[in-house]
Amino acid sequence: MVVSAFFYLLFMIPVPQYLYDAIAFPLKVFITNYSVLCLQTFGLPALCEGNVISLRDTTLQVVDACSGIRSLVH
């Protein structure tokens, strides 16, 4: 019982920003690459540059909210 309470309190400590960024950036790049692959599979011309998706008429930026890190942290 005491051990579970300790771990509960341990997970209440916020993740440091440098660790958050170190995890979030590779996830953003992965999601960007996967999205471009899906777009190209459906025949849409798309180009991936880091975490930016370039389409014919516009560009899209994958931000932290799209990386999935919030689901892991909260």
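Here, every reference points to the structure presented above.
The model shown is predicted, which means the values in this text are computed figures rather than measured ones.

A. Spotlight on a nonpolar patch on the surface. A surface patch of nonpolar side chains, amounting to about 670 Å² of accessible area, comprises Val3, Phe6, Phe7, Leu10, Phe11 and Ile13. With respect to the helices and strands, the residue Phe7 is situated in helix α1 (residues 2–10). Phe7 gets classed as partly exposed once you look at its relative accessible area, which sits at 42%.

B. Highlighting the side chain of Thr32. Its place among the elements puts Thr32 in helix α2 (residues 17–41). The exposure class assigned to Thr32 is buried, which follows from its relative accessible area of 0%.

C. A look at the packing of aromatic side chains. Following the criterion strictly, the structure yields 2 aromatic pairs and no others. Aromatic pair Phe6 and Phe7: ring centres 5.8 Å apart, planes at 65 degrees, arrangement edge-to-face. Overall, the relative accessible area of 52% leaves Phe6 in the exposed class. Ring geometry for Phe30 versus Tyr34: centroids 6.4 Å apart, planes at 20 degrees, classification stacked. You can see Phe30 and its partner Tyr34 sitting in helix α2, 4 residues apart, about one turn around the helix.

D. Geometry of the environment of Val62. Tracing the backbone shows Val62 in the loop between β3 (59–61) and α3 (69–73). C-alpha separation for the pair Val62 and Leu27, spaced 35 residues apart in sequence, amounts to 9.9 Å. Sequence-distant contacts of Val62, that is, excluding residues within four places in its chain, are made with Lys28, Ile31, Thr32, Asn51 and Ile53.

E. A look at the sheet that holds strand β2 (residues 52–54). The 3 strands are arranged β1-β2-β3 in an open sheet whose pairing can be described as antiparallel. Of all the strands in the sheet, the pair left with one neighbour each is β1 (47–49) and β3. For this sheet, the mean inter-axis angle between neighbouring strands, taken without regard to orientation, is 20 degrees. Sheet topology places β2 next to β3; 3 bridges connect them, and they run antiparallel. Note on β3: the bridge partner recorded for Ser54 is Thr59. Lying on the sheet, α2 is in contact with β1 and β2; it crosses β2 at an angle near 20 degrees.

Rules of the game
- Throughout this document, residue positions are counted from 1 along each chain, in the order its sequence is written.
- This being a predicted model, a pLDDT of at least 70 is required before a residue's local features are given, and a value of 80 or more before pairs of side-chain atoms are given or counted; all residues contribute to the totals for chains, interfaces and linings.
- Note: side-chain values were computed over all heavy atoms of the structure, leaving out hydrogens and water.
- Residues form patches when they are more than 30% accessible in relative terms and have no salt bridge. Like charges link within 9 Å. Nonpolar side chains (Val, Leu, Ile, Met, Phe, Trp, Tyr) link within 5 Å.
- Each accessible area value is a Shrake-Rupley result obtained with a 1.4 Å probe; residue values ignore everything except the protein chains displayed when judging cover.
- When a carboxyl oxygen of Asp or Glu is within 4 Å of a side-chain nitrogen of Lys or Arg, the pair counts as a salt bridge.
- The way it works is that DSSP assigns letters per residue, a run of H or I at least four long becomes a helix, a run of E at least two long becomes a strand, and they are numbered from the N terminus.
- A 1.4 Å probe rolled over the protein chains alone gives each residue an accessible area, and that area as a share of the maximum for its type sets the label: buried under 20%, exposed over 50%, partly exposed in between.
- We call Phe, Tyr and Trp rings a pair once their centres come within 6.5 Å, taking the six-membered ring for Trp, and we label the pair stacked below 30 degrees between planes, edge-to-face above 60, and tilted otherwise.
- Throughout, a contact is declared for two residues whenever any of their heavy atoms are within 4.5 Å.
- The pairing criterion is simple: DSSP has to find at least two bridges between the two strands.
- To get an axis, fit a line to the C-alpha atoms, keeping to the stretch in contact for a helix; angles then go from 0 to 180 degrees between the N-to-C directions.

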